Amino acid sequence: MTLATSPWHIVKQSTLHGTGVFALRDIPAGTRIIEYGGKRITPEQADALHPVNPDDPFHTFFFSLTSGKVIDGGDKGNDARWINHSCGPNCEAQEGTSGKRVYIVALQDIPAGEELFYDYGLVMEGRITKKLKQEYLCLCGTPNCRGTMLALPKKKKAATGKN
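Every value quoted in this text rests on a predicted model; they were computed, and no experiment measured them. (Residues numbered from 1 in each chain as written. Predicted model: local features only at pLDDT ≥ 70, side-chain atom pairs only at ≥ 80, totals over all residues. Heavy atoms only, no water.)

## Quick word on the layout of surface pockets
What the largest pocket holds in volume is close to 1,400 Å³. Lining the largest pocket are 42 residues, and of these Thr60, Phe62, Leu122, Met124 and Tyr136 sit closest to its centre. Every element with two or more residues in the lining of the largest pocket is listed here: helix 1 (43-49), strand 5 (62-64) and strand 7 (84-85). Considered class by class, the residues forming the lining of the largest pocket number 25 nonpolar, 11 polar and 6 charged. (1 Å grid on protein atoms, 1.4 Å probe; cavity = no way out; pocket = protein on both sides within 12 Å on 5 of 7 lines; lining within 4 Å. Points joined across faces, edges and corners; volume = space filled by probe spheres on them. Helix = DSSP H or I, 4+ residues; strand = E, 2+ residues; numbered from the N terminus. Nonpolar A, V, L, I, M, F, W, Y, C, P; charged D, E, K, R; others polar.)

Have a look at this one:
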């Protein structure tokens, strides 16, 4: 296998949470590391499958697309499903122009051996309660950690009366 065709990553035990994905070699910023793989299903099918694991009901491999479909990384998925969440990520998920594919892309240069993270920014319908935040607890420990994997609404800035 040549350097051009060898994978950018390796899957192994994470010190943060369960299984993780790590840079196998130095990854330059802007690199498309891996596509998020899995079976395409409807939101209704995803709801019917939830919880996938009753012992850990808030852990899934679902990835929602703007097309309305969901990628089920637990069915025909690949290594991308093991990338952990961080509020201070070194990668981001980018949806392809077709609205059918998602790629994990390096936000910065990532040295070999470093764990890959992206911000899940999970969107929930209804009010975000303390209980819901706790159910989707974030373990990243970064300085800007919001304490949850959920996307939180932006706080409104108070009016100062100055122009």
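More follows now that the structure is in view.
## Focus on the nonpolar core
Counting residues in each nonpolar core, the largest one holds 19 residues, and the members touching the most others are Ile33, Tyr36, Ile83, Ile110 and Leu116. At the level of elements, strand 2 (19-23), strand 3 (32-35) and strand 9 (102-106) are the ones that each hand at least two residues to this core. For this core, the element with the highest residue contribution is strand 9, accounting for 3 residues. If sequence neighbours within four positions are ignored, Ile83 has contacts with Val21, Ile34, Ile104, Leu116, Phe117, Tyr118 and Tyr120. (Core = buried A, V, L, I, M, F, W, Y, C linked by side-chain atoms within 4.5 Å. Buried < 20%, exposed > 50% of the residue type's maximum accessible area, 1.4 Å probe, protein only. Contact = heavy atoms within 4.5 Å.)

## A word on the pattern of salt bridges
Within this structure, the stated rule accounts for 4 salt bridges. Here Arg146 makes a salt bridge to Asp119, at a shortest N to O gap of 2.5 Å. In this pair, Arg146 is assigned in the segment after helix 2 (130-135) and Asp119 in the loop between strand 10 (117-118) and helix 2, connecting sequence segments 27 residues apart. Judged by its relative accessible area of 29%, Asp119 is partly exposed. Within this structure, Glu35, Arg40 and Arg101 form a network of salt bridges that share partners. (Salt bridge = Lys/Arg side-chain N within 4 Å of Asp/Glu carboxyl O.)

## Some details on the sheet that holds strand 5
Ordered by their spatial adjacency, 3 strands build an open sheet running 4-6-5, and the pairing between neighbours is antiparallel. Pairing within the sheet leaves two strands with one partner each, and these edge strands are strand 4 (39-41) and strand 5. For this sheet, the mean angle separating the axes of adjacent strands, direction not counted, is 30°. With 3 bridges joining them, strand 5 and strand 6 (residues 70-72) adopt antiparallel strand pairing. Opposite Phe63, over in strand 6, you have Ile71 as the bridge partner. (Pairing = 2+ DSSP bridges. Axes fitted to C-alpha atoms, helices over the stretch in contact; angles between N-to-C directions.)

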